[in-house]
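Per-entry structural report
Now for the letters of each chain:
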Amino acid sequence: MTGEPNLLGEYLRARRELVTPDQVGIPVLTSRRVPGLRREEVAMLAGISAEYYLRLEQGRDRNPSDQVLQAIARVLQLDDDGYLLSLATERKRRNPRRARRETVPPSTARFVSQLPYPSFIEGRYLDVLAANQPATALSPRLRVGRNRLRDVFLDPAEQALFSHAERAAGALVAGFRQSVGTDIDDPRYIELVGELSLASPLFRTLWARHDVAPRTGATVTFDHPSVGEIRLDREKLAISGADGLMLVAYHAEPGSADAEKLGLLGSLAETASAESDRSAT
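Here goes a summary of the coordinates provided. (Residues numbered from 1 in each chain as written. Predicted model: local features only at pLDDT ≥ 70, side-chain atom pairs only at ≥ 80, totals over all residues. Heavy atoms only, no water.)

**Things to note about helix α3 (residues 50–58)**
Test applied: Exposure categories follow from relative accessible area, calculated using a 1.4 Å probe and restricted to protein chains: below 20% of the type maximum is buried, above 50% is exposed, and the middle band is partly exposed. Segments assigned H or I by DSSP are reported as helices when at least four residues long, segments assigned E as strands when at least two residues long, and all are numbered from the N terminus. Arc definition: directions from the helix axis to the C-beta atoms. By the convention used here, residues are in contact when the closest approach between their heavy atoms is within 4.5 Å.
Within α3, burial applies to Tyr-52, Tyr-53, Leu-56 and Glu-57. Down the axis of α3, the smallest arc covering the buried residues is 140°, so these residues share one side. Tucked inside the fold, the buried residues of α3 contact α1 (7–16), α2 (39–46) and α4 (66–75). Following α3 by one or two positions, Gly-59 adopts a phi angle in the positive range, close to 80°.

Set out below in structure tokens:
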């Protein structure tokens, strides 16, 4: 339909441009204008006609079979074809959606507050919905009301905290795209993507790649102003009964120098809390 967003075509085009001919065994005999694959090369490798593939990218064919999409996913070297399949079946909603309010179950919020290591609840849009004192000691931006995308892309202090800031930013973008999925008429999605696209060249570059990845754990190295370099394991665990909410926790190997630094951060958090309580009385 006229005016309907062509998510499938945008995704295919972006991913096609990231796969080089040598990655799929195509010899390069002449100079090429772009490093990625041509449409006809994707079509040939997927076993479909070039005209049919062109229709897919242009949004003129909205009912491709799973077999065709899976063949294209193999050519584009996608680790998971689930997102591609979901784009093909998405239909524009007739009525605009209202922003969905995310709330943390009280028992979950209490659990997070009692954890001894930096922990917080991350929402579907990467909003911080709950956080404990150790988390705020790790980063002052890890507190209720903040948004991880905004902080990592727009706050210089948060960017300086990561030893590999661009890598961390890329992982956030891929996880955000996976989290929101095809809900592109979601007001919160529109707000965040619009704001960051205008304010951050790095976000625009990463968003154009159409990377999609689940929000999973990883090892993260921080350059912390109080304890110096600290390497922590990050876990991301889905909260049952709360769609899209995840518990994020950082921990270190027991007995390691990183564990000692993490303990120091915990002490700093307790001291700051005690001073805050005294000043309030």
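The discussion continues.
**Notes on unusual backbone geometry**
Of note in this structure, Gln-77 is not a glycine but carries a positive phi near 60°. Along the polypeptide, Gln-77 turns up in the loop between α4 and α5 (82–89). Of note, the phi angle at Leu-126 is positive, near 65°, even though the residue is not glycine. Counting through the fold element by element, Leu-126 comes out in the loop between β1 (119–122) and β2 (128–131).

**Quick notes on the environment of Ser-139**
If you trace the backbone, Ser-139 turns up in the loop between α7 (133–138) and α8 (148–154). Since its relative accessible area comes to 1%, Ser-139 is described here as buried. Considered as a pair, Ser-139 and Arg-188 are 49 residues apart in the sequence and their alpha carbons are 24 Å apart. When residues no more than four places from it in sequence are discounted, the contact partners of Ser-139 are Glu-158 and Leu-161.

**Quick word on the nonpolar core**
Applicable threshold: What is meant by a nonpolar core is a set of buried Ala, Val, Leu, Ile, Met, Phe, Trp, Tyr and Cys residues, joined one to another through side-chain atoms within 4.5 Å.
Leu-149, Phe-153, Phe-176, Phe-222, Leu-232 and Tyr-250 are the most contacted members of the largest nonpolar core, which totals 35 residues. Sorting elements by how many residues they give to this core places helix α10 (residues 165–180) first, with 6 residues. Setting aside residues no more than four positions away along its own chain, Leu-149 makes contact with Tyr-125, Leu-126, Leu-172, Val-173, Phe-176, Leu-192 and Leu-196. One finds Leu-56, Ala-73, Tyr-83 and Leu-84 within the second-largest nonpolar core, a separate group that totals 27 residues.

So, to be careful, I would describe these as geometric facts and stop short of saying anything about function.
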